[in-house]
Amino acid sequence: MVQKYQSPVRVYKYPFELVMAAYEKRFPTCPQIPVFLGSEIIHESKSQDGSIHIVERSCKLTVDAPRLLKKIAGVEYVVFVQKNVLNRKDRTLLIEAHNETFANRVIVHENCSYTVHPENDEWTCFEQSASLDIKSFFGFENAVEKIAMKQYTANIKKGKEVIEYYLNELISQGISHIPRWTPSPVREEDQRSLAADKLDTDYIERYLGQLTPMQESCLIRLRQWLQETHKGKIPKDEHILRFLRARDFHFEKAREMLCQSLNWRKQHQVDYILQTWRPPPLLEEFYAGGWHYQDRDGRPLYILRLGQMDTKGLMKAVGEEALLRHILSVNEEGQKRCEEHTNQLGRPISSWTCLVDLEGLNMRHLWRPGVKALLRMIEVVEDNYPETLGRLLIVRAPRVFPVLWTLVSPFINENTRQKFLIYSGSNYQGPGGLVDYLNKDVIPDFLGGECLCNVPEGGIIPKALYHIEEDQENADRVQLWTETVYQSASVFQGAPHEIAVEILEGESVITWDFDILRGDVVFNLFHSKQAPEPKPREARAGSSVQLIDQSWVLGVDYSRVESSLLCREGESIQGSHVTRWPGFYLLQWKMATPLACAASSLPRVEDGLTSVQSPGHKCKLLYYYEVLASVDFRGSMSSLESCTSGFSQLSATTTSSNQSQSGSLISR
């Protein structure tokens, strides 16, 4: 549920300019606000006449939260991005802020404004509104909501006191009046430059396409603004135009979207991705996508055989980071090909066509972690590559496609959705199908055409190729994502890996999905009324976390709510548990002992082989877990089947263990 806050109007009986001087004293640090750890400017610009000053800051705030919550979240502070737009001419300051930390789990938006009092221009009014939407937070949604609202209410009161403190400080220093802004005279040469700055008609027709006078004016204004304020490389007109079109030529919205994208490109060095990115050999072999000639309109054509891809295997074998970088490189290559086709054809080509073959798509593609990763990738592409997709042709859509479409379509821009053409069965053949958009000599052979297509066919990725150690070659590269869907952990003899999930009230469903990459592991699920304290351990990626204290007694301090499950090396485990009581639920993975292996009643074909192999002193696993409200869970085996890895026709025999409240599915 979205929590909203709207403050009453606060009046400072001081002129706007003096209040602004007091406001600026809050940065970069403010001792009067203990939770405010500091800030740094990430972007700053001014209009040509100096009347508008835009500042974007990255602000660090400490969190007054229980130690366990901080430990599970893995952060000691949160980062907010604050954008201030000061208009000295209109005497207004507009402030927008949003959280950057856990942005895919918690959405915080805040809007504030300082304006001149409508009845007394020597006074200043302040208004504030905010919203909080907690999507998911490791099972601590209610606790986080209460903490956030408590701190926000306290900070509102503190903010008023801080402004008054700095106003009194200015007055004590003899500063009680600051002159209002007045425009400087415009130089004659500047006037001539502005009048002469108009796009050439031939240039527009050759590289940009048809533009109305208003659209041309927006493009010129945005380009001039970038030249005056942007410190890096100025993008080409074609690139700027895409952002204007994405925002229906609304200048302010397009400028904000473009600035955020340019900052993102600079932060993650995206401008150099075609020179620096080399996909892993495994990705080149199993990622079933590639460029293939062009469509009837001259757009570059990209083919994606999604139904033949082991998307779950790719995510676990190369990781989300590599997948996203590969997708970004495809988009960068697409823009490069559009420029080449524009030069070859003598007319503007600003977008490409994508042909997606869904033959083979089934429920294995719809497992929850994969859909979450897909939505995150769509968000990145929508924000930074707008109006680059000219047409999307989806062929051989199976019956399960409406389920995927229902999940994904809300996250796709309306303008983009209108470019989708979907064909089920063999409807893509004949008039009205692919021949309307592709020449017959480029229709791929696997779709009944005569053109040999060199796009990889995909296929199942062996679990032996799932990554165990971090990619050392790219360890120093700026990461596109600070958190991933799947986490890795090591399990040692006597040192299990444990995760605590707090359930505050009502029935919830804890779901899990993990792969045993090395050794044999026993999985347990416990419940405790008391909060566990994590044991101090060297913090490093993939290391184990132990929560259950050695002094705790099973059946007294905590209880078992799931039967122990022996998990062999190479197995994938998916399951869920419907909680009955509030408290802390502990997911535990511990190294299997020979006694546990011998006592297991689960049939194992390879027992004879594993009995003569030593697992060593270290086990390795990849895991994902999530807490869902029971009303949001579509349970039992149908949900678990959407989590299984591997093609249905190639999957090994599965063994299931179901109880009235829970279930786990094992697959190889």
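Residues numbered from 1 in each chain as written. Predicted model: local features only at pLDDT ≥ 70, side-chain atom pairs only at ≥ 80, totals over all residues. Heavy atoms only, no water.

The name that an unreviewed UniProt entry assigns to the chain is SEC14 like lipid binding 5, with the source organism given as Sarcophilus harrisii.

Right, let's talk about the nonpolar core for a bit. If you look at the biggest cluster of nonpolar residues, it comprises 57 residues, and the most contacted ones within it are Tyr287, Leu314, Leu323, Val356, Leu358 and Ile394. Among the elements of the structure, α10 (281-286), β10 (300-304), α11 (311-345), β11 (352-357), α12 (368-384), β12 (389-397), α13 (401-408) and β21 (618-629) are those that each provide at least two residues to this core. By residue number, the principal contributor to this core is α11, which donates eleven residues. Of all hydrophobic cores here, the second largest spans 25 residues; its members include Leu525, Cys567, Tyr585 and Trp589. (Core = buried A, V, L, I, M, F, W, Y, C linked by side-chain atoms within 4.5 Å. Buried < 20%, exposed > 50% of the residue type's maximum accessible area, 1.4 Å probe, protein only. Helix = DSSP H or I, 4+ residues; strand = E, 2+ residues; numbered from the N terminus.)

Let us look at the confidence of the model for the chain. This prediction gives the chain a mean pLDDT of 80; 79% of its residues lie at or above 70. A low-confidence stretch, residues 188-196 stays under pLDDT 50, and its non-local contacts, those more than four residues away or across chains, total three contacts. With pLDDT under 50 throughout, residues 468-473 is counted as low confidence; its partners more than four residues away or in other chains account for six contacts. (pLDDT = per-residue confidence, 0-100. Contact = heavy atoms within 4.5 Å.)

Another aspect to go through is the environment of leucine 274. Along the polypeptide, leucine 274 turns up in helix α9 (residues 273-276). Here leucine 274 falls in the partly exposed class, since its relative accessible area comes to 31%. Setting aside chain neighbours within four positions, we find leucine 274 in contact with Ser329, Glu332, Glu333 and Lys336.

Let us now look at the pattern of salt bridges. The tally for this structure, following the rule as stated, stands at 24 salt bridges. For arginine 299, the salt bridge identified is with aspartate 295, shortest N-O distance 3.6 Å. Across the pair, exposure class does not vary: arginine 299 and aspartate 295 are buried alike. In this structure, the salt-bridge partner of lysine 316 is aspartate 515, at a minimum N-O distance of 1.6 Å. In this pair, lysine 316 is assigned in helix α11 and aspartate 515 in strand β16 (residues 508-518), connecting sequence segments 199 residues apart. In this structure, lysine 316 and aspartate 515 share a single accessibility class: buried. (Salt bridge = Lys/Arg side-chain N within 4 Å of Asp/Glu carboxyl O.)

This next bit is on the pairing of strand β9 (residues 289-294). Across four bridges, the pairing between β9 and β10 is antiparallel. Following the sheet pairing, tryptophan 291 is matched in β10 by tyrosine 302. Linking two consecutive strands that pair antiparallel, namely β9 and β10, is a turn of five residues; a positive phi of about 90° is found at glycine 298 within it. (Pairing = 2+ DSSP bridges.)

One open sheet accounts for four strands, arranged β15-β20-β17-β18; its pairing is antiparallel. In the strand order of this sheet, the two ends are held by β15 (497-503) and β18 (559-567), each with one partner. Along the sheet, successive strands turn relative to each other by an average axial angle of 15°, direction set aside. Bridging between strand β17 (residues 521-528) and strand β20 (residues 583-591) involves eight bridges; their strand directions are antiparallel. Paired with leucine 525 across the strands is leucine 587, a residue of β20. (Axes fitted to C-alpha atoms, helices over the stretch in contact; angles between N-to-C directions.)

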